[in-house]
Amino acid sequence: MKPKIILTGDRPTGKLHIGHYVGSLKQRVALQNTGEFDKIFIMIADAQALTDNFDNPEKVRSNIQEVALDYLSAGLDPEKSTIFIQSQISELTELSFYYMNLVTVARLQRNPTVKSEIKMRKFESNIPVGFFTYPISQAADITAFQATTVPAGEDQRPMVEQAREIVRKFNEIYEPVLTEPEIMLPKNEACLRLPGTDGKAKMSKSLGNCIYLSDTADDVKKKIMSMYTDPLHIQVSDPGHLEGNTVFTYLDAFCTDEHFSRYLPDYANLDELKAHYQRGGLGDVKIKRFLNEVVQEELEPIRERRKEYEKDIPELYEMLKKGTEQAREKAAETMAKVKHAMKIDYFA
Ligand code: TRP
């Protein structure tokens, strides 16, 4: 049977927030601990981060440490998951170059994630080539490790789809040496795309609407108590609406029935709480307090672990170095197969 291999990662452009956490990181930790995967690679995608931050290398460099701390604090264990830095594996760049032959400009232009990012970054007709081709580089990331599974958020679906096409084309033209990956989305609908605390569709640093894994308990509480809810719910007695109500979306993402017995025993579960809110007579403050308990319970152990890991940063880099060496071995193996398949292994 083909080994089951995970490859996924994040761009180091900022600290990770709870959107990253419920969207992918939490699931990675769970998958790591089931032991059902033969190999797990977690990549800090600094080269990809540079495709739209090429003029700000210090930002990317400093966030390597932040993301690595977030990973370990969230429960990734370097004994079970290989954590590494993308730019240090030159095979990834090399593979990208050959994959470029297999992708058309029109196909890249149709990639929905690229499309929306071009809009968001206001590149208009001045799109850097490196940025434009990052889906190809992402296909290299995934295939270099022969990944079968890519746990990621919904926004990464077009990337994985593009990688699958590249694999099929490569295997058909040359030799079947690459593995077709599949995306693994979180099962909980609310985790697919957690909105910002202001109710905007996306959590983003520039909008200032994120709750970070490394936020203090006080910061988290402040952010939750000022969250966007239902603008029509003015008096406690008014009926409340759930659609677009960020507090309820977060509860959908985080809370379980056990949380109710611990912190809000008047209700058996979220459905009962929602029903009361919709009937009217339930104030926002009460729900926000409950959400705060739920989120704090999840973040507290992460914060505690972070404090420990922060004490020894050289050890953190040592871990990344080891992980990168391991990852390079696997990528070099695939690179050799690719070169053989493409008949460019002259000196082998
Ligand atoms: N695009 C991902 C992000 O924006 C990072 C990433 C790079 C990635 N290469 C990957 C994710 C390969 C999954 C698989 O966070």
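Predicted model, so just to flag it, every value in this text is computed and none were measured.

A few words on the overall build of the protein chain. Along the protein chain, the regular secondary structure elements total 15 helices and 5 strands. Seen along its three principal axes, the alpha-carbon backbone of the protein chain occupies a region of about 80 × 45 × 45 Å. Expressed as a percentage of contacts within the protein chain between residues at least 6 apart in sequence, the contacts between residues at least 24 apart total 77%. Across the protein chain, the centroid of the 46 positively charged side chains sits 3 Å from that of the 53 negatively charged ones.

Before going further, it helps to examine the site of the ligand. Surrounding the ligand, one finds 13 residues, the nearest of these being Arg 11, Gln 48, Gln 138, Asp 141 and Gln 156. Between the ligand and Gln 156 there is a distance of 3.0 Å, counted from a nitrogen atom to a side-chain nitrogen or oxygen. Elements with a contribution of two residues or more to the shell around the ligand: β1 (5–10) and α8 (134–144). The element best represented in the shell around the ligand is β1, accounting for 4 residues. Its residues assigned to classes, the shell around the ligand comprises 5 nonpolar, 5 polar and 3 charged.

So, about unusual backbone geometry. The phi dihedral of Lys 122 falls on the positive side, at around 55°, and the residue is not glycine. Its identity is not glycine, yet Lys 343 carries a phi of approximately 60°, on the positive side. With respect to the helices, strands and loops of the structure, Lys 343 is situated in the segment after α15 (313–341).

Another point: the nonpolar core. In globular proteins that are soluble, nonpolar side chains generally tend to be buried together. Within the largest apolar cluster, 58 residues are counted, with the highest numbers of intra-cluster contacts made by Ile 18, Tyr 71, Leu 251, Phe 254 and Leu 273. Each of two domains, domain 1 (5–194 + 313–341) and domain 2 (217–306), supplies a minimum of three residues to this core. Apart from the residues lying within four places of it in its own chain, the contact partners of Tyr 71 are Gly 9, Asp 10, Leu 16, Leu 25, Arg 28, Ile 42, Met 43, Ile 44, Leu 76 and Ile 83.

Let us now look at a negative patch on the surface. Taken together, the side chains of Asp 312, Glu 315, Glu 318, Glu 325 and Glu 329 make up a negatively charged region of the molecular surface. With respect to the secondary-structure elements, Asp 312 resides in the loop between α14 (284–310) and α15. The class of Asp 312 is partly exposed, set by a relative accessible area of 37%.

This part covers the packing of aromatic side chains. Taken as a whole and judged by the stated rule, the model has 11 aromatic pairs. Both rings, one in Phe 41 and one in Phe 84, keep their centres 6.4 Å apart while their planes meet at 85°; by these two values the pair is edge-to-face. In this pair, Phe 41 sits in strand β2 (residues 39–44) while Phe 84 sits in strand β3 (residues 82–85), placing the two residues 43 residues apart along the sequence. With relative accessibility at 1%, the residue Phe 41 sits in the buried group. A connected cluster of aromatic rings, assembled from ring pairs, spans Phe 41, Phe 84 and Phe 145. Across from the ring centre of Tyr 212, 5.8 Å away, lies the NZ or CZ of Lys 15, which sits over that ring.

On to the environment of Asn 171. Mapped onto the elements of the fold, Asn 171 is located in helix α9 (residues 157–173). Along the primary structure Asn 171 and Lys 26 are separated by 145 residues, whereas in three dimensions their C-alpha atoms are 33 Å apart. Of note is the side chain of Asn 171, whose polar atom sits 2.9 Å from the backbone oxygen of Leu 178.

Now for the domain arrangement of the protein chain. Many analyses report the size of an interface as the accessible area lost when the parts associate. According to the domain assignment, the protein chain consists of domain 1 (5–194 + 313–341) and domain 2 (217–306). Taking only C-alpha atoms, the centre of domain 1 and the centre of domain 2 are 33 Å apart. Domain 1 puts 15 residues into the contact, and the matching count from domain 2 is 10 residues. Buried surface at the junction of domain 1 and domain 2, summed over both partners, amounts to about 1100 Å²; 61% is from carbon and sulfur atoms. For the interface between domain 1 and domain 2, the tally reads 3 salt bridges. Between Asp 70 and Arg 306 there is a salt bridge; the shortest N-O distance is 2.9 Å. Applying the counting criterion to the domain 1 and domain 2 interface returns 6 residue pairs in polar contact (both at pLDDT 80 or more). Considered class by class, the residues forming the side of domain 1 that touches domain 2 number 9 nonpolar, 3 polar and 3 charged.

Counting through the fold element by element, Ile 83 comes out in strand β3. Between the C-alpha atoms of Ile 83 and Lys 322, which are 239 residues apart in sequence, the distance is 8.5 Å. Here Ile 83 is in contact with Ile 42, Tyr 71, Leu 72, Leu 76, Met 319, Leu 320, Gly 323 and Thr 324, once residues within four sequence places are set aside.

Since one α-helical turn is 3.6 residues long, residues separated by three or four positions face the same way. Extensive coverage of helix α11 (residues 246–254) is indicated by the burial of 8 of its 9 residues. If you check which residues of α11 are buried, you get Thr 246, Val 247, Phe 248, Thr 249, Tyr 250, Leu 251, Ala 253 and Phe 254.

Before going further, it helps to spend a moment on the pairing of β2. For β2, the buried fraction is high: 5 of the 6 residues fall into the buried class. Where β1 and β2 come together, 6 bridges link them in parallel fashion. Along β2, the bridge assignment pairs Ile 5 with Lys 39. Chirality of the crossover, the property in question, places the unit of β1, helix α1 (residues 18–34) and β2 among those that are right-handed. Two elements, β2 and β3, share 4 bridges in a ladder whose sense is parallel. Across the sheet, residue Phe 41 finds its bridge partner in β3, namely Thr 82.

Cut-offs applied
Along each chain, numbering runs from 1 in the same order as the chain's sequence is written. Reporting in this predicted model follows two pLDDT cut-offs: at least 70 for local features of residues, and 80 or more for side-chain atom pairs to be given and counted; totals over whole chains, interfaces and linings ignore these cut-offs and use all residues. Working from all heavy atoms in the structure, the side-chain values ignore hydrogens and water. Numbering of helices and strands starts at the N terminus; helices are DSSP runs of H or I of at least 4 residues and strands are runs of E of at least 2. Any two residues whose heavy atoms approach within 4.5 Å at even a single point are treated as in contact. Only four residue types enter the charge count: Lys and Arg as positive, Asp and Glu as negative, with His and the chain ends excluded. Note on charges: their place is set at NZ of Lys, CZ of Arg, CG of Asp or CD of Glu. Proximity is defined per residue: if any heavy atom of the residue lies within 4 Å of a molecule or strand, that residue is considered near it. For the purposes of these results, a polar contact is taken to be a pair of N or O atoms within 3.5 Å, where, inside protein, one atom must be able to donate a hydrogen and its partner to accept one; residues adjacent in sequence count only when each atom of the pair is a side-chain atom. Throughout, the ten residues Ala, Val, Leu, Ile, Met, Phe, Trp, Tyr, Cys and Pro are labelled nonpolar, Asp, Glu, Lys and Arg are labelled charged, and all others, Gly among them, are labelled polar. Put simply, a nonpolar core is a bunch of buried Ala, Val, Leu, Ile, Met, Phe, Trp, Tyr and Cys residues held in one set by side-chain atoms that sit within 4.5 Å of each other. Think of it in three bands: residues with accessible area under 20% of the maximum for their type are buried, residues over 50% are exposed, and the middle band is partly exposed, with areas taken using a 1.4 Å probe on protein chains only. Domains are outlined according to an automatic or database domain assignment. To count toward a patch, a residue needs a relative accessible area over 30% and no salt bridge; like charges are then connected within 9 Å, while nonpolar side chains (Val, Leu, Ile, Met, Phe, Trp, Tyr) are connected within 5 Å. The Shrake-Rupley method, run with a 1.4 Å probe, gives the accessible areas here. Residue values count only the displayed protein chains as cover. One side-chain nitrogen of Lys or Arg within 4 Å of one carboxyl oxygen of Asp or Glu is enough to make a salt bridge. A pair of aromatic rings is counted whenever rings of Phe, Tyr or Trp (Trp by its six-membered ring) have centres within 6.5 Å, and the orientation is called stacked for planes under 30 degrees apart, edge-to-face for over 60 and tilted otherwise. A ring is considered to have a charge above it if a Lys NZ or an Arg CZ atom is located within 6 Å of its centre and within 35 degrees of its normal. Throughout, buried area stands for the accessible area (probe radius 1.4 Å) lost by two parts on being put together, summed over both. Only when DSSP finds a minimum of two bridges between them are two strands counted as paired. A clockwise course of the path from the first strand over the helix to the second, judged with the strands pointing away from the viewer, identifies a crossover as right-handed.

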